[in-house]
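This is what each chain is made of:
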Amino acid sequence: MSQVTHTVSFVGESSQAKVDSGASVLQAARDAGVDIVATCGGRGRCRSCRVKVVEGTLPPPTLADIVQLGDQEVREHYRLSCQLRVNDNIAVQVSPPLHETAFQILVDTEVPKKGLTVDCGVHKVHVQPTLPTDENDATSDLEEVLRGTGLTPALSLDTVRRLPDMLRQSSAGLTITTFDGTVLSLESGDTTKQAFGLALDIGTTTVICYLIDLISGETMATVPGLNPQAVFGGDLMSRIAFAMESTTNVRKLRSRLIGFINEQIGEACSQGGIQRKHIYKIVVVGNSCMHHLFLGIDPKFLGCAPYAPAMRSAYACAAREVGLKVADGARLFMLPLVAGFVGADTLGMILSTHLEVGSKIRVAVDIGTNAEAVMGGQGSLLACSSPAGPALEGAQIRCGMRAAAGAIERVSVDQDIHVQTIGGVPAVGVCGSGLVDAIAALLDAGVLTTSGRMIAEGPLPAAIDKRLRTGKDGIAEFVLVWAGDGGARQDLVLTQADIRQVQLAKAAISSGVAILQHHMGVTDGDIDEFMLAGAFGNYLGMRSVRRIGLIPDLPPSRIRFVANAAGLGAQMALLSESERQRAELLGQRIEHITLATHPEFQKVFLDAISFPEEVAAYSESD
Ligand code: FES
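Asks: Can you lay out the overall build of the protein for me, pointing to particular residues and giving the numbers?
Replies: Check the secondary structure of the protein and you find 16 helices and 27 strands. Taking 2.2 N^0.38 as the reference for a compact globule, 622 residues should give roughly 25 Å; the C-alpha atoms of the protein span a radius of gyration of 27 Å, in line with that estimate. Each principal axis of the C-alpha atoms in the protein carries an extent, and together these give about 100 × 70 × 45 Å. By residue count, 56% of the 622 residues in the protein fall in the buried class. Expressed as a percentage of contacts within the protein between residues at least 6 apart in sequence, the contacts between residues at least 24 apart total 67%. Entry remark: accessible area of the protein is about 25,000 Å², with carbon and sulfur atoms responsible for 51%. Side-chain charges of the protein comprise 53 positive and 67 negative groups, with the mean position of each set lying 3 Å from the other.

Asks: Just give me the short version of the packing of aromatic side chains, but keep the residues and values in it.
Replies: The full count for this structure, using the stated rule, is 4 aromatic pairs. Residues Tyr307 and Phe341 carry aromatic rings whose centres are separated by 5.8 Å and whose planes lie at 65° to one another, so their mutual orientation is edge-to-face. Of this pair, Tyr307 sits in the loop between α7 (288-295) and β14 (315-318) while Phe341 is found in the loop between β15 (331-334) and α8 (344-353), placing the two residues 34 residues apart along the sequence. Centre to centre, the rings of Phe601 and Phe605 are 5.7 Å apart; their planes meet at 35°, and the pair counts as tilted. With Phe601 and Phe605 both in helix α16 (residues 601-609) and 4 residues apart, this pair spans about one turn of that helix. We note Arg580 situated over the ring of Phe333; from NZ or CZ to the ring centre the distance is 3.9 Å.

Asks: Tell me what's going on with the pattern of salt bridges, and back it up with residues and numbers.
Replies: Close approach of charged atoms allows side chains of opposite charge to pair. According to the stated counting rule, one finds 27 salt bridges in the structure shown. Glu73 is the salt-bridge partner of Arg47, the closest N and O atoms lying 3.2 Å from each other. Of the two residues, Arg47 sits in the loop between α1 (25-32) and β3 (50-55) while Glu73 sits in helix α2 (residues 63-75), which places them 26 residues apart along the sequence. When its relative accessible area of 14% is taken as the criterion, Arg47 is described as buried. Using a relative accessible area of 8% as the deciding quantity, one classes Glu73 as buried. For Glu579, the salt bridge goes to Arg582, with nearest N and O atoms at 2.4 Å. On the criterion of helical spacing, the pair formed by Glu579 and Arg582 is a turn pair, its members being 3 residues apart in helix α15 (residues 577-589). Pair check on accessibility: Glu579 and Arg582 agree, each one buried.

Asks: How would you sum up the packing of helix α11 (residues 496-520) against α16? Please name residues and give values.
Replies: Close contact between α11 and α16 brings their axes to 8 Å; oriented N to C, the two are set at 130°. By the angle between their axes, α11 is oblique relative to α16. As α11 runs across α16, the sense of the crossing is right-handed. Residue-level contacts link Gln503, Leu504, Lys506, Ala507, Ala508, Ser510, Ser511, Ala514 and Ile515 of α11 to Phe601, Val604, Phe605, Ala608 and Ile609 of α16. Residue classes in the contact of α11 with α16 are distributed as 10 nonpolar, 3 polar and 1 charged.

Here is what the cut-offs are and how they apply
Residues numbered from 1 in each chain as written. Predicted model: local features only at pLDDT ≥ 70, side-chain atom pairs only at ≥ 80, totals over all residues. Heavy atoms only, no water. Helix = DSSP H or I, 4+ residues; strand = E, 2+ residues; numbered from the N terminus. Rg over C-alpha atoms; globule rule 2.2 N^0.38 Å. Buried < 20%, exposed > 50% of the residue type's maximum accessible area, 1.4 Å probe, protein only. Contact = heavy atoms within 4.5 Å. Areas by Shrake-Rupley, 256 points an atom, 1.4 Å probe, with all protein chains shown as cover. Lys, Arg positive; Asp, Glu negative; His and termini not counted. Charge placed at Lys NZ, Arg CZ, Asp CG, Glu CD. Phe/Tyr/Trp six-rings, centres within 6.5 Å; stacked < 30°, edge-to-face > 60°. Lys NZ or Arg CZ within 6 Å of the ring centre and 35° of its normal. Salt bridge = Lys/Arg side-chain N within 4 Å of Asp/Glu carboxyl O. Axes fitted to C-alpha atoms, helices over the stretch in contact; angles between N-to-C directions. Parallel < 35°, antiparallel > 145°, perpendicular 65-115°, else oblique. Left-handed = near helix turned anticlockwise from the far one by under 90°. Nonpolar A, V, L, I, M, F, W, Y, C, P; charged D, E, K, R; others polar.

Function-wise, these values are silent; they only describe arrangement.
This is the structure:
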């Protein structure tokens, strides 16, 4: 019997998909080239892929629909597209998380220039060459241009093709751009003041493009954006799993990323009032998977033991080779990787925090879907990575969302729970910092035990007690915001399962640090400085991170938020060749500690799942 097919249409999109009966709407969207964000990779554990069924038979909701979307949205015909099976011709309205469009991405607009000498390796010189005149002279246009400069040409064929006309038509001479003594490009006229570079910080969640003046060191524009690969999964493993399905998928992941970065470059150029043909140097940091996808290397072997990357050393090539639309001869530099899950972003973080300098014990942790921890001191530099998962970014949390307008970002407790949202608008969900605050508040209020269990009864203030209930799926939940409070459309809850997700994430991060301490033989009290990097880290409440045991219980004076340290490292390597070379040397010096096979890890991890009994009452000056 032949397979029955149905048509899935997407409101507002010109393309449709014909799929076999039983295929998911998410699959149909991918076939049709329609973007639907699938944060959990299609496992029914988030709400990012929801669509509204506007035509055709509305199937009954699945348990995942009810749990993730709630009664109200289910009644309004919303369904999770990854769970919605096609058994009829249907039309759906893709429901982008509109309230998440104004997300917060932490960027740093200026490289701290203290102690940094601008020495980017790019030089421009203006020349007034003479044309070949004597047919008896054995010479060429290019030789005349370079005469007396001592430079080696490494020009693109396209530039050589344009040279004869350029030379004869430009009465204002030519500008030669070089990198490290090699000619990168030739331009008509005097463009010596136009020399720019890009630092790219490619994360699983966000991509940040910094446009920098290579002469003054000034940041001309910073363009942040969400990684467009998110439609194929929110975390690294979902992304790798998608890549493993076929080489076509690898190409899809790569072309989306490169296309998006080219758009960011265009935006940065228009903000900075410059032309992309004057961008000559690019430095890229990113985790190992993003590094591979950016270069077009299949990341499938990063997804299985022994998780070996295709290469670890620093890599340089022509920017055009990877498809970036910049100056013809622009050079691209990838900072080195440390291991399969400790990437060039970690190198960038070490570079900007100078973690290898001095004898003090210093720790830096970049919290993302994968958390990288580095410990420096006593002449050693140790690094590890922990799979924190996307919970701390608000993903796979019942009412979780990215840090955007309407996200609960702060939670406090007295006789009741109080919340503060980003932008002061009605609450629509809870982001990572709100989640950590909420759990700290529930621990303080006695709603959560140190094992992470929500207690069903006890001597709680009445207003708090009322918020504890059993959800439709039979799981305990705590109502952070009641429908109607401050304009909220529905009850916003924190479930027992959400608490477990955060416990697993914080245990992964803190046990990674504990293993590094174990290797270096230092206690919590020996840590002189603990730095939290990354977009998430910088929005956290200092007491809350200590209260839930995400970091050791250190005095506030020893804890520092270091913003987007990886991006800063990329900018430093862009502006200074000595910093870029320092990164290459650091790459060879770091000792990578593998947690999964570490004999102590299981025990340390299990111990770290519980919450601390209490937190020290430091004053802010401690
Ligand atoms: S629930 Fe469908 S992608 Fe997460």
